[in-house]
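Structure at a glance
The chain contents come next:
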Amino acid sequence: IGDLIRIDLLGDRPLTLQTRLDEKGTVTLAFLGEVRAVGLSVRQLESSIATGLRQGGYLTTPEVQVLVMEYRPFYVNGEVKRPGGYPYVPGLTAQKAVTLAGGLTPLASQNKVYVIREMNAAGTREKITLDSAIFPGDTVIVEEGLF
């Protein structure tokens, strides 16, 4: 939800659509209507669109390519120098997220780092290390340590 994607339909008459996934995690395509994307990988979304185009009789052998152009941001707060939201990049770790946020403050604890995953409906936080992976929409929290 919130990611900016580009969908390329290749063939005799190439068509490109760039759109942001809506709050329901869907994308609206002219021939197919709403297509659910949330929870799917890029390859699964390509397959879903291609299947819909085949079954709808629009194309017999559709070639679909989906690219993520921009991920939704992640957030860092607590004992970092510049708390806030930052653009997500693949391969992000908590250490890299903290670095983007200006590094740790003198009061920060490297052992009290938590994440709230966007997909966690309960909003509970889990303890992580600075080597842990961070995903789009995550919130990293660095707590204060003892002197």
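Here we summarise the structure given alongside this text. Predicted model, so just to flag it, every value in this text is computed and none were measured. (Residues numbered from 1 in each chain as written. Predicted model: local features only at pLDDT ≥ 70, side-chain atom pairs only at ≥ 80, totals over all residues. Heavy atoms only, no water.)

**Thoughts on the sheet that holds strand β5 (residues 63-70)**
Here we have 3 strands laid out as an open sheet, ordered β2-β1-β5, and antiparallel in their pairing. Whereas interior strands pair on both sides, the edge strands pair on one side only; in this sheet they are β2 (15-20) and β5. Sheet twist, expressed as the mean angle between neighbouring strand axes with direction ignored, is 20 degrees. As defined by bridge partners, strand β1 (residues 4-10) adjoins β5 across 7 bridges and the pair is classed as antiparallel. Across the sheet, L9 pairs through a bridge with V64, a residue of β5. Against the sheet, helix α1 (residues 42-55) contacts β1 and β5, and its axis sits at roughly 140 degrees relative to β5. (Pairing = 2+ DSSP bridges. Helix = DSSP H or I, 4+ residues; strand = E, 2+ residues; numbered from the N terminus. Axes fitted to C-alpha atoms, helices over the stretch in contact; angles between N-to-C directions. Contact = heavy atoms within 4.5 Å.)

**Some points on the pattern of salt bridges**
Taken as a whole, this structure holds 8 salt bridges when the rule is applied. Notably, a salt bridge pairs R6 with D8, separated by 3.0 Å at the nearest N-O pair. Here D8 falls in the buried class, since its relative accessible area comes to 6%. Between E143 and R125 there is a salt bridge; the shortest N-O distance is 2.7 Å. With a gap of 18 residues between them, E143 in strand β10 (residues 139-144) and R125 in strand β9 (residues 125-128) connect regions that are remote in the sequence. Owing to a relative accessible area of 24%, E143 belongs among the partly exposed residues under this scheme. (Salt bridge = Lys/Arg side-chain N within 4 Å of Asp/Glu carboxyl O. Buried < 20%, exposed > 50% of the residue type's maximum accessible area, 1.4 Å probe, protein only.)

**A closer look at the sheet that holds β10**
In spatial order, the strands read β7-β6-β10-β8-β9; together these 5 strands make up an open sheet with mixed pairing. Edge strands, defined here as strands with exactly one partner in the open sheet, are β7 (84-86) and β9. On average, adjacent strands in this sheet sit at an angle of 30 degrees to one another, irrespective of strand direction. Where strand β8 (residues 108-116) lies against β10, 5 bridges are found, and the strand directions are antiparallel. From the neighbouring strand, V113 faces β10, where its bridge partner is V142.

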